[in-house]
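Close look at the chain arrangement
As a plain string of letters, each chain reads:
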Amino acid sequence: MKLGVSCDLHFQIDAPTALILMLRPLNGAQQWITTSSYIVEPEVPIIESNDNYRNACQRLIAPLGEFIIRTFFEAVTTEHIDSAPGADFIEIQNLPHQILPYLLPSRYCESDRFGDLAREVVNDALPGYDQVSKINEWVRNSIRYIPGSSDSPLSAIEVHNRGYGVCRDLAQLAITLCRSISIPARLVVGYLYQLEPMDLHAWFEAYVGGRWYSFDPTQSDLRGGRVIIAVGRDAADVSIFHQFGLGCILNSMDVQVNLLD
């Protein structure tokens, strides 16, 4: 399926502010970007780079006054998400080197604190994909998905204690439970066609059966129409913008995802 995706950010800048943004999707096995546009008003120099997770980053200094970033791209992406019930657990010694960081506790995923709960949740599930499916189902049934219920990232412990959260919160709790039983898992941020209400979206991927598979505890059916912007250990790695200093306020963000074909 072919999607047209736009994301407009409107900032008020009270002092020149350094920003690091992640707003440009990359071509990959799951998506092909055919057209892209990246406009900043007023124009400023932008430095492009890639981080340790191969995400596309843009660095700039936002000037005083109103500052607007407008992005648009067309993406060809899959209409259906692969699933693989029964896919094997990969023993640690056989994992590719680049997968190992996704086994460890991270800022918002305290996997060293959830071992007992994770083992209880997966119970008699086959090691690997089926365990991740059990975790995904448990998070969806145990933690209420309430869009807009938190402005800043919460840790897995905080989300588990309060019992509700945004898509990012549910995904990070699922990631934490996966890592607790030695299944690599990572956070994904991007766009989902027909998401209600429309916004940026977060889900997670787990490494089983020799590859990454997608899971989404906010959706009863794992549907396609997803465009990935960034992946990382947790929200600290995949924020669409980091500001350095107190002179930057995000006044509004408008996201649109439309079917083109």
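Quick look at the structure, then. What you are looking at is a predicted structure, and each value in this text was computed from that prediction instead of being measured.

Notes on the environment of P85
Mapped onto the elements of the fold, P85 is located in the loop between strand 6 (65-77) and helix 1 (115-122). Counting along the chain gives 58 residues from P85 to I143, while the straight-line C-alpha distance between them is 24 Å. Those residues in contact with P85 that lie beyond four places of it in its chain are Y129 and D130.

Some remarks on the pattern of salt bridges
Across all of its chains, the model carries ten salt bridges by this definition. Residue E74 is joined to K2 by a salt bridge in which the shortest nitrogen-to-oxygen separation is 3.5 Å. Taken together, the residues E74 in strand 6 and K2 in strand 1 (residues 2-13) connect sequence positions 72 residues apart. K2 gets classed as partly exposed once you look at its relative accessible area, which sits at 24%. Across the pair R186 and E205 runs a salt bridge, and its minimum N-O distance is 2.8 Å. Linking R186 in strand 9 (residues 185-192) with E205 in strand 10 (residues 201-208), this pair joins segments that are 19 residues apart in sequence.

Considering the sheet that holds strand 14 (residues 248-259)
Sheet architecture is open: four strands sit in the order 3-6-1-14, paired in antiparallel fashion. Across the chains shown, the open sheet's two edge strands, defined by having one partner strand only, are strand 3 (31-41) and strand 14. Within the sheet, the average angular offset between the axes of one strand and its neighbour, ignoring direction, is 10 degrees. With twelve bridges connecting them, strand 1 and strand 6 associate as antiparallel partners. Residue Q12 lies in a different strand from strand 6, and its bridge partner there is E66.

Brief notes about helix 1
Along an α-helix, residues three or four apart share an orientation, since each turn contains 3.6 residues. Considered for burial, the residues of helix 1 that qualify are G115, L117, A118, V121 and V122. Buried residues of helix 1, viewed axially, fall in a sector of 165 degrees; they line one side. Across from the buried face of helix 1, at angles greater than 90 degrees, the exposed residues are D116 and E120. Taken together, the buried residues of helix 1 touch helix 2 (129-142), helix 3 (156-162) and helix 4 (167-180). Immediately beyond the C-terminal end of helix 1, within one or two residues, lies N123, with a positive phi of roughly 45 degrees.

Basis of the calculations
- Residues numbered from 1 in each chain as written.
- Predicted model: local features only at pLDDT ≥ 70, side-chain atom pairs only at ≥ 80, totals over all residues.
- Heavy atoms only, no water.
- Helix = DSSP H or I, 4+ residues; strand = E, 2+ residues; numbered from the N terminus.
- Contact = heavy atoms within 4.5 Å.
- Salt bridge = Lys/Arg side-chain N within 4 Å of Asp/Glu carboxyl O.
- Buried < 20%, exposed > 50% of the residue type's maximum accessible area, 1.4 Å probe, protein only.
- Pairing = 2+ DSSP bridges.
- Axes fitted to C-alpha atoms, helices over the stretch in contact; angles between N-to-C directions.
- Arc of directions from axis to C-beta.

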